[in-house]
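Commentary on secondary and tertiary structure
The lines below spell out each chain.
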Amino acid sequence: MRLSRILKLVSLLVFGALLAGCGLVEGDGRHNQPLSSVVEGQLRNMGSDKSEAMLIRIYKDESALEVWKRVKGGTYKYFKSYEICSWSGELGPKIREGDRQAPEGFYSITPGLMNPRSNYYLAFNTGFPNKFDRVHGRTGSDLMVHGDCSSRGCYAMTDEQIAEIYALGREAFKGGQRTFELQIFPFRMTAANLAKHRNSPHIDFWRNLKEGYDAFEISRQVPKWDVCEKRYIFNAAGGPLNAAGACPTASTHPELMAKVKAKQIADEATFQTASADLAAKEARKAEAEAERAAREAAIAERSAAVSEAVEERTEAISGAVGGFFSGITGLFGAGRTETPANVVAPTPAPRTSGRG
């Protein structure tokens, strides 16, 4: 009996050590919540399984977090979208510690980045700063995707959402996935959306992100990313690369990257057309607003002139009326007979009553 208890204790310790090695440290059990039968059924219906690899894509502008799952053919298929409860900052990358910006870019999430004891229910670290961020001198720490619906540089979900997302990641790791990719974009990287934000100081950075975005859109396979010449490069041969060094010309997927290049060229033409249309609309809007402002200014000027004229006329009429009444008063005053102060009025004779 004692031996069986010792063996059971040893097995539990070994299992706990394995979990700890994956970053899944024992907490209060919330990190071990199983996926619902509904979710497992949805995965099966799309040709996947909870143990298959996963990918997460985030779109700031839409406040959307998408989970993609690998299917039997080896490509990835869209599984589910979760509305992000809150993210801080504005469109654009995180630059420095304390700027309250949520990061953008490509990040690889390892089991060690999973946080079962988060103060925000459950969480996983984005891995910021990555190789790209570091070569640009960007700073920050503990940038998470977490629960509790409160963000200070992070992506906050509801507790229910993060529990499901966390479980999907956990099961993918158990299934053998060593890392899952986290792709964070300011918006869906279309030529039309880039044209809307063409005047942003981050436009070149976003164009670089679009290369990786397009590689996935075309192949439905997660592109391998690295950094060279201080920019992202995708499916490059060889590596690891020097983040500030020259980029290689060879690719591990030359046909795919040729398609990406062709898409970039086509999208650039669309971008230029959309940008010209938007610029023309903005110019017309600015002209219309200027005309409206000029009309309002002219109306205000005329109104002020009329008010001034009315005020002057009113003062003139008031002066004339005052003069008229002064003259009338003088006229009637001149016709009165007054008794001088030194003249004594005669005393009337007394009346007598006579008898016949």
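Our subject is the structure listed above.
Small disclaimer: the values here were computed from a predicted structure and weren't measured. (Residues numbered from 1 in each chain as written. Predicted model: local features only at pLDDT ≥ 70, side-chain atom pairs only at ≥ 80, totals over all residues. Heavy atoms only, no water.)

1. With respect to the sheet that holds strand 4 (residues 86-87)
How we decide: DSSP calls a pair of strands paired once it identifies at least 2 bridges connecting them. By definition, any uninterrupted DSSP run of H or I lasting at least four residues is a helix, any uninterrupted run of E lasting at least two residues is a strand, and each is numbered from the N terminus.
Read across the sheet, five strands follow the order 4-9-8-7-6 without closing on themselves; strand pairing throughout is mixed. Two strands bound the open sheet, and with one partner strand each, they are strand 4 and strand 6 (114-115). Where strand 4 and strand 9 (residues 155-156) come together, two bridges link them in antiparallel fashion. Each bridged residue has a counterpart across the sheet, and for Trp 87 the counterpart in strand 9 is Tyr 155.

2. Quick notes on the pairing of strand 12 (residues 231-234)
A regular strand places its side chains on the two faces of the sheet in alternate fashion. The sheet contact formed by strand 11 (residues 225-228) and strand 12 spans four bridges and is antiparallel. Within strand 12, the position partnered with Asp 226 by the bridge is Ile 233.

3. Comments concerning the side chain of Glu 164
The cut-off we apply is this: Buried means the residue's accessible area, taken with a 1.4 Å probe over protein chains only, is under 20% of the maximum for its type, while exposed means over 50%, and partly exposed covers the values in between. Contact definition: two residues touch when any of their heavy atoms are within 4.5 Å.
For Glu 164, the location among the structural elements is in helix 4 (residues 159-174). Classification of Glu 164 by relative accessible area gives buried; the value is 18%. If sequence neighbours within four positions are ignored, Glu 164 has contacts with Leu 35, Val 39, Lys 80 and Tyr 82.

4. Details of the environment of Leu 143
As for its placement among the helices and strands, Leu 143 is situated in the loop between helix 3 (131-135) and strand 8 (144-146). Spatially, the C-alpha atom of Leu 143 lies 7.4 Å from that of Ala 102, the residues being 41 residues apart in sequence. Other than its neighbours up to four places away in sequence, Leu 143 contacts Lys 94, Gln 101, Pro 103, Phe 124, Asn 125, Thr 126, Phe 128, Gly 153 and Cys 154.

5. A closer look at unusual backbone geometry
The linkage connecting Phe 128 with the following residue, Pro 129, adopts the cis geometry, with an omega of 0 degrees. Looking at the secondary structure, you find Pro 129 in the loop between strand 7 (123-125) and helix 3. Positive phi, normally seen in glycine, also occurs at Ser 63, with a value near 50 degrees. Here Ser 63 lies in the loop between strand 1 (54-59) and strand 2 (64-70). Positive phi values are uncommon outside glycine, yet Arg 220 reaches one of about 55 degrees. The topology assignment puts Arg 220 in the loop between helix 6 (203-219) and strand 11.

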